[in-house]
Amino acid sequence: MRIDSSSTAAAILPLVGGPANVTSVAHCMTRLRLGLADPSRADEDALRALPGVLGVVVDDGSYQVVLGPGVVTRVTADFEQLLARPSTADELGARGAELREERRRCNATPFKAGLRRLAAVFVPLIPALIGCGILAGINGLLLNAGWLPGLSPALAAVASGFMALIAVFVGHNTAKEFGGTPVLGGAVAAIVVYPGVAKVTAFGVTLAPGQGGVLGALAAALLATRVEKWCRGRVPEALDVLLTPTLTVLVAGLGTLYGLMYAAGVVSSAIGTGADRLLATTGAFAGLVLGGLFLPLVMLGLHQALIPIHTTLIDQQGYTVLLPVLAMAGAGQVGAAVAVYVRLRHDTSIRTTIRSALPAGLLGVGEPLIYGVSLPLGRPFLTACAGGAAGGAFVGFFAMLGDKVGATAIGPSGWALFPLLAGNRGLGLTAAVYAGGLLTGYAVGFAATYAFGVTDRGPAAATSRRSGSGSGSPGGPTPGRSS
């Protein structure tokens, strides 16, 4: 059933404290992210009870309403229109922004703040990574089949152009996020991929275009931002427009050539070698650990730390071998949700939530199921992790046998990852291993949840679990809520 976005937005606004309490509005793939001057004014229980709302997450000053893919975009647009009305527009002024920033400084740990900034650099690149990755996969199929030979070079150019210059985009976003001039960050990061660096020798080693990859570009832009800020405070205003950009590009550029590219190249090579060796030597165990822990990482927002690692592997090897393993967590979640649907057959509310969230879960968007089903119930979250661990172990086992399964882009998982699969033994075997991992995750997640995740079938017991007061909630407060 299609959610009425305008009605949902109008219902959410008073429950988060009204326009005067909202200091910022944004959204990701599944969540409406609100900055609230006083989060205590929000009525979390009433929000959770709204039709179409799958969950509520409070994370270091960010108040997040989980709505699901597609819906969140429409609701956010209508929510912003409500705030933009003349009677409420001034409530999003400077004072609100200052209150939000003050709250973020008080509540955010340096580690989580760093992860959010890192995500702000790489997350905007994901749509291009997905689009180019799918086109690269299509082109690979055409080449292997010998079809449309005249079209293949054009598709290769379209699919590869972004990846060839991804360092520039990383540099641009890094400078923008850390308070520098974006184009200067992009200009310094462009040095990393400039063919002329092959004529430069650093530490006795001739540099190669692209050496250091996205990590080198990230470091270069950070250095450029630091140099630019230093110059802004010391260069006379009359000369600022000339000297600051020149000094920024010169100093940061030389630092990139004679230090950062070499160091980032060593780190990038270590990441690639380490990922390959991890799966080749301890594949089943590594897959079990990675697949089992990924849902908690997502719940805590720590999965953002993996984004530059995925991007580095894609830039270096053409695909990331970690994403298919981590995607098994979503399979465990789907299996657990189906088991809950079967066991709690009298609970109309939870079954409705599962029906609406399951298609997104099958396509790799797990947040609706996490915050709408497994976390509120408690134990199904743990049994979903068991399913993810089993699927990860399956994929990791084949990696030990030399059958790599990788993804040419980050973002999708579940069934949506099939068009982005790549490996070293042909697409057919790669897809078969990945499908086997999904089926294993579904089966173990279902079986574990059916047997241990939900103990009572009655509607009263199910309602008790959803409220976090029943025996299904593991030790203490409901996971995912801020105390």
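Note that the structure is a prediction, hence the values are computed from the model and not measured.

1. A short note on the pairing of strand β1 (residues 22-27)
The pairing of β1 with strand β2 (residues 31-36) spans 5 bridges and is antiparallel. Residue pairing for β2: A26 is matched across the bridge by R33. Hairpin connection from β1 to β2: 3 residues lie between these consecutive antiparallel strands.

2. Some details on the sheet that holds strand β4 (residues 62-66)
Taken together, the 4 strands give an open sheet; going across it, the order is β1-β2-β4-β3, and neighbouring strands pair in antiparallel fashion. What marks the edges here is a single partner per strand, and that holds for β1 and β3 (55-59). Taken over all neighbouring pairs, the strand axes of this sheet differ in orientation by 20° on average, direction set aside. Note: β2 against β4, 5 bridges, orientation antiparallel. Paired with L34 across the bridge in β4 is Y63. Each of β2, β3 and β4 is contacted by helix α16 (residues 367-377), which is oriented at about 90° to β4, the strand it contacts most.

3. Structural notes on the environment of A252
Locating A252 in the fold gives a position in helix α11 (residues 237-300). Relative accessible area serves as the criterion here: at 0%, A252 is assigned to the buried category. A252 sits 30 residues away from L222 along the chain, and the two C-alpha atoms are 8.9 Å apart.

4. Regarding helix α8 (residues 166-177)
Given a rise of 1.5 Å per residue, 12 residues ought to cover 16 Å, and the 16 Å separating the end C-alpha atoms of α8 matches this to within 8%. By the burial criterion, the buried members of α8 are I166, A167, V170, G171, N173, T174 and A175. In this structure, the buried side of α8 is in contact with α5 (110-122), α6 (126-145), α7 (152-164), α9 (182-193), α10 (213-232) and α12 (307-317).

5. Some words on the packing of α6 against α7
Running from amino to carboxyl end, α6 crosses α7 at an angle of 150°, the nearest separation of the two axes being 9 Å. Accordingly, the angle class assigned to the pair α6 and α7 is roughly antiparallel. Crossing of α6 against α7: the hand is left-handed. Contacts between α6 and α7 involve A128, L129, C132, L135, A136, I138, N139, L142 and L143 on the former and, on the latter, S152, L155, A156, V158, A159, F162 and M163.

6. Focus on the packing of α11 against α12
Two elements in contact, α11 and α12, have axes whose closest approach is 10 Å; the angle formed by their N-to-C orientations is 95°. Between α11 and α12, the crossing angle belongs to the class labelled roughly perpendicular. Here S268, S269, I271, G272, A275 and D276 of α11 lie close against α12, whose contacting residues are I309, T312, L313, Q316 and Q317.

7. Description of the side chain of T8
The topology assignment puts T8 in helix α1 (residues 5-15). According to the relative accessible area criterion, T8 is buried, its value standing at 7%. Here D4 takes part through its backbone oxygen, which lies 2.9 Å from a polar atom of the side chain of T8.

8. Re the pattern of salt bridges
For the structure shown, the criterion picks out 6 salt bridges. R232 is the partner of E228 in a salt bridge, and the nearest nitrogen-oxygen pair spans 2.9 Å. Of this pair, E228 and R232 are both found in helix α10, 4 residues apart, which corresponds to roughly one turn of the helix. Under the relative-accessibility criterion, R232 is labelled partly exposed at 37%.

The rules we used
- Residues numbered from 1 in each chain as written.
- Predicted model: local features only at pLDDT ≥ 70, side-chain atom pairs only at ≥ 80, totals over all residues.
- Heavy atoms only, no water.
- Pairing = 2+ DSSP bridges.
- Helix = DSSP H or I, 4+ residues; strand = E, 2+ residues; numbered from the N terminus.
- Axes fitted to C-alpha atoms, helices over the stretch in contact; angles between N-to-C directions.
- Contact = heavy atoms within 4.5 Å.
- Buried < 20%, exposed > 50% of the residue type's maximum accessible area, 1.4 Å probe, protein only.
- Expected span 1.5 Å × (residues − 1).
- Parallel < 35°, antiparallel > 145°, perpendicular 65-115°, else oblique.
- Left-handed = near helix turned anticlockwise from the far one by under 90°.
- Polar contact = N/O pair within 3.5 Å; in protein donor to acceptor, adjacent residues only side chain to side chain.
- Salt bridge = Lys/Arg side-chain N within 4 Å of Asp/Glu carboxyl O.

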